[in-house]
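Below are the chains, spelled out letter by letter.
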Amino acid sequence: MRFSTFLTAVASLAVGINAYWLEDVKHQGVAPFAGDGYKVFRNVKDYGAKGDGSADDTDAIMQALNDGDNRCLQGCASTTTTPAVVYFPSGTYKISKALQPPYFTQLIGDPSDRPVLKASSDFAGFGLIDGNPYFTEDLNWISTNVFYRQMRNFVIDTTDIAPGTAATGIHWPTSQATSLINIEFNMPKGEDSVHVGLFVESGSGGFMSDLTFNGGATGASLGNQQYTMRNLVFKDCQTGIIQLWNWGWTYINSEFSNLKVGIDITAAGETEGSLNVGSAIILDSSFADTETAIKTGYSADTTPDTAGSLILENVKLESVPTAVADASGSILEGGSTTIAGWGQGHQYVGDADRELSGEITANTRPDGLTGENGYYGRSKPQYEDVAASDIVSARDSGAKGDGTTDDTEALQSAIDSAKGKVLFLDYGLYKVTGTLKIGDGAKIIGEGYPIIMASGDFFGDISDPKPLLQVGASSGDAGQVELVDFVVGNTGPAPGAKLIEWNLASETSKPSGMWDVHARVGGFSGSEMQVEQCLKKTGSADIDEKCIGANMLMHVTSKATGLYMENTWLWVADHDIEDKENTQITIYSGRGLYIESTEGNIWLVGTAVEHNHLYNYQFANTKNIFASMFQTETPYYMPLPDATKPFPINSDINDPDFSASCEGVEGNCAESWGLRIINSSDFFIYGAGHYSFFNNYDTSCSTVESGENCQSRIVSLEEVKNINIYGLNTIGSLSMIDRDGKSVASWEDNVNVFPANIMLYRSD
């Protein structure tokens, strides 16, 4: 027994905890569409895995992954009907072949003593965990449609594979509502090692945090549209990160030590002199004993014009000869120092030259947004210090989660009875016909992404929306709440549903939080808004009222404050997840995320809001907002219908009035704002992607060749001050930013690898 394991065991006995509570609690999750006897929770040891470091546990783990014989793997497009939480108690699990988790799977290890997945010397496969296998020349799942999966609390060990034999720890081409958390990668050290810890070649992420990479040729080789990654550690790798391609990427609070190269963003494009990497932001990070911190390909001669854009802010160097180098050599000297701010790319800052290459003035950060090492951040709580006796099951309070029973009273009883404890929301589809009230001190954690669904007449008035979840009884109520790992959505029409109303005022020293809490409107079994009901209708502006699934996805009210949101995806379905062809559907939701907190102190870390009718993100009368690589998409059906109907304009919540604001604007003007900021100040945005891919389901409008003309405008700043944006990426919008009704920047002047990019924008 390792000494750390012994200490954990002694400590557990002292407080009456036998193991991580997830191992000990009664598991009562129900998957209503999976068939009788289907198991949501699976402990690998129940399937014969030994975890003793010598027995080959591959087959036993695969049995745990695939139990039920109806899981979504080879040839299956996607599904939410067969969820699985696969649990690994502490131990060392010998693996000889790649483990291939089916769609909608969570892999969870004991966080108090992380299990080790150790490759045998004769290991065969692409990754100990192959998250999207190549059964053919193509990935099994379209990577941009891989949602709702997690892996957390593991050690991935390839040290028994010869250093010169190609080996990968995790293969993970995925998209929104996915995460890797609290994982250590151990690989052979030295120049002869060709191992790679993490390989991602495509997708539309995403979020990862608390990953450590030891040894190997490359810690992480990464290609994806966009990502937020925080708390990464790289030690003794030859290269920490190779960026294969991207549109935009944000690295927060990462550490690099004893490397040749920290981050390499030089990847070449298909034509001579072109680059594949759009942009990267490195924030609150450090490099030590490393030859070159950053290798860049950006120059006056490379194409596209803004490809390879880069910003560093609050980056510490210790014994690093070169901070930034290009093909010609060092362009930013290193040493032992702190880089306050430095960048390359295009800037829109007062009268400054458009071309940026050199020192920049770092953002002045409000005290309310900062923590121990830069901006505040908190990793997902897993409550590993809580005994199983302090976990309260929703099903023990009478909730059924079968998708048909009205669970309103039972869930409210569960929330109330769990005061001072942790509410475990067993997997299920919970139909709710009224508002669930969540008060101070609540802690709720889901099993395998259960969903709470608004249903019925209570949510039926499009002009008088009601909350599904109400956190705090009234705006400004004091307290602290933590929500983890579940989904809110709808079953049937809900034009008056506000899925989350956040009223709570939390202290900035102890903010409330949402981690992996998502919205999903339509597109899944139980929603009653799938291909059968809401098949897309191209060429028609007719609105089917049976396909209006929400009024607003989330509202942070005026007196609320102190909210940390991490890896939260608020999604109105554009396709049917259960359909074998992922057929497109037309679902309507009026508004995305609306924040009108007068005090602010809101953190949006790796969030996304997609396919809402009036706007995706809107901020009004607020301040002190931090955001990292937040992302939107305009509804695919627009401009048929456009944003002027069917949702009534409500000036009390600052709805945009497109009939007035579009006067004199050419093109498709009355379309959803990706980002709208009104009468607000002190925004600190580190990466943003606002995309408009379609003109009534036709993607030809979103290319450079067609003129990026899906819509006229996508970001609006109105009566604002001190708005700071690093790494703004837009697709399909003629104007990249509008300020008080006038375009500030055109896509044509800022072409990047696929989006247009402005690396630095300041309103003042």
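Here's what I pulled together on the structure shown here. One numbering rule holds for all chains: residues counted from 1, following each sequence as written. Local features in this predicted model are restricted to residues of pLDDT 70 or higher, and side-chain atom pairs are both shown and tallied only at a pLDDT of 80 or more, whereas totals for entire chains, interfaces and linings draw on every residue. Only heavy atoms go into the side-chain values, all of them from the structure, while hydrogens and water stay out.

Quick notes on the pattern of salt bridges
Here, a salt bridge means any Lys or Arg side-chain nitrogen found within 4 Å of an Asp or Glu carboxyl oxygen. Tallied over the entire structure, the rule returns 20 salt bridges. A salt bridge links Lys118 to Asp157, with the shortest nitrogen-to-oxygen separation between them at 3.2 Å. Of this pair, Lys118 sits in strand E6 (residues 116–130) while Asp157 sits in strand E7 (residues 149–157), and the two are 39 residues apart along the sequence. A simple rule labels every residue: compare its accessible area, found with a 1.4 Å probe on the protein chains alone, to the largest value its type can have, and call it buried under 20%, exposed over 50%, or partly exposed in between. Relative accessible area serves as the criterion here: at 10%, Asp157 is assigned to the buried category. Across the pair Lys498 and Glu501 runs a salt bridge whose closest N-O atoms are separated by 3.0 Å. With relative accessibility at 10%, the residue Lys498 sits in the buried group. A relative accessible area of 12% means that Glu501 is categorised as buried. Each member of the salt-bridge network shares a partner with another, and the members are Arg152, Lys380, Asp485 and Asp516. Only DSSP runs of H or I reaching four residues or more are called helices, and only runs of E reaching two or more are called strands; each is numbered from the N terminus.

Comments concerning the state of the cysteines
Our working definition of a disulfide is a cysteine sulfur pair at a distance within 2.5 Å. Considering all chains together, one arrives at 4 disulfides under this definition. Put simply, Cys534 and Cys547 are joined by a disulfide, and their sulfur atoms are 2.1 Å apart. Note on the Cys534 and Cys547 pair: the S-S dihedral is about -100 degrees, so by sign convention the disulfide is left-handed. Of this pair, Cys534 sits in helix H5 (residues 531–534) while Cys547 sits in the loop between H5 and strand E34 (548–556), placing them 13 residues apart in sequence. Each sulfur of the disulfide joining Cys662 and Cys669 lies 2.1 Å from the other. On the sign convention where negative is left-handed, the bridge of Cys662 and Cys669, at about -90 degrees about the S-S bond, is left-handed. Here Cys669 falls in the buried class, since its relative accessible area comes to 5%. In the protein, the bonded cysteines, numbered by position in the sequence, are linked as 1-2, 3-4, 5-6, 7-8.

Observations concerning the environment of Gly51
As for its placement among the helices and strands, Gly51 is situated in the loop between strand E1 (41–43) and strand E2 (52–56). Residue class for Gly51 comes out buried when judged on its relative accessible area of 12%. With 42 residues separating them along the chain, Gly51 and Tyr93 place their C-alpha atoms 4.4 Å apart. Should any heavy atoms of two residues lie within 4.5 Å, those residues are counted as being in contact. Here Gly51 is in contact with Asp57, Gly91, Thr92 and Tyr93, once residues within four sequence places are set aside.

Here we look at the nonpolar core
We call a set of buried Ala, Val, Leu, Ile, Met, Phe, Trp, Tyr and Cys residues a nonpolar core when their side-chain atoms join them within 4.5 Å. Ranked by size, the top nonpolar core spans 198 residues in total, and within it Met151, Leu198 and Trp502 carry the most contacts. Among the elements that make up this core, the one with the highest residue count is strand E18 (residues 309–326) (7 residues). Among the nonpolar cores identified, the runner-up in size contains 35 residues, and Phe41, Ile108, Trp515 and Phe626 belong to it.

Comments concerning the pairing of E7
Along any regular strand the residues' side chains alternate between the sheet's two faces. Extensive coverage of E7 is indicated by the burial of 9 of its 9 residues. Any two strands are treated as partners once DSSP identifies two or more bridges connecting them. Two elements, strand E5 (residues 105–109) and E7, share 3 bridges in a ladder whose sense is parallel. Bridge assignment links Ile108 to a residue of E7, and that residue is Arg152. One ladder, built from 3 bridges, connects E6 with E7; its direction is parallel. Looking across to E7, one finds that Leu117 is bridged to Ile156. Direction of pairing for E7 relative to strand E9 (residues 178–186): parallel, over a ladder of 8 bridges. In the strand pairing of E9, Phe154 is matched with Ile183.

Let's talk about the sheet that holds strand E42 (residues 673–678)
With mixed pairing, the 10 strands of this open sheet are ordered in space as E27-E30-E32-E34-E37-E40-E42-E44-E46-E47. Two strands close off the open sheet at either side, each with one partner strand: strand E27 (436–438) and strand E47 (742–746). Across this sheet, the average inter-strand angle for adjacent strands is 15 degrees, counted without regard to direction. Strand direction decides the pairing type here: E34 and strand E37 (residues 588–595), joined by 6 bridges, are parallel. Residue pairing for E37: His555 is matched across the bridge by Tyr594. Here an angle of 0 to 180 degrees is reported between the N-to-C directions of two axes, which are lines fitted to C-alpha atoms, with helices fitted over the stretch in contact.

Here's the deal with the packing of aromatic side chains
Aromatic ring pairs are reported here in terms of the distance separating the ring centres and the angle at which the planes meet. The pairing test for Phe, Tyr and Trp rings, Trp by its six-membered ring, is centres within 6.5 Å, and the orientation test on the planes gives stacked under 30 degrees, edge-to-face over 60, and tilted for anything in between. The full count for this structure, using the stated rule, is 42 aromatic pairs. A ring pair is formed by Tyr375 and Phe626, whose centres lie 4.5 Å apart and whose planes are at 40 degrees; its orientation type is tilted. With Tyr375 in strand E22 (residues 374–375) and Phe626 in strand E41 (residues 623–633), this pair connects stretches of sequence that are 251 residues apart. Neither residue differs from the other here; Tyr375 and Phe626 are each classed as buried. A centroid spacing of 5.6 Å and a plane angle of 35 degrees characterise the contact between Phe626 and Tyr686, whose relative ring orientation is tilted. You can see Phe626 sitting in strand E41 and its partner Tyr686 sitting in strand E43 (residues 681–691), a full 60 residues away along the chain. Tyr686 carries the same exposure label as Phe626, and that label is buried.

Notes on unusual backbone geometry
The omega torsion across Thr303 and Pro304 is -10 degrees, close enough to zero to call that bond cis. Counting through the fold element by element, Pro304 comes out in the loop between strand E17 (292–296) and E18. Here Met638 and Pro639 are connected by a cis peptide whose omega angle stands at 10 degrees. You can see Pro639 is positioned in the loop between E41 and helix H6 (658–661). For Asn231, which is not glycine, the phi dihedral falls at a positive 60 degrees. Along the chain, the position of Asn231 falls in strand E12 (residues 218–235). Judged by relative accessible area, which is 15%, Asn231 ranks as buried. Even without being glycine, Asn601 reaches a positive phi, approximately 60 degrees. Turning to its location among the elements, Asn601 is positioned in the loop between E37 and strand E38 (602–605). Residue class for Asn601 comes out buried when judged on its relative accessible area of 9%.

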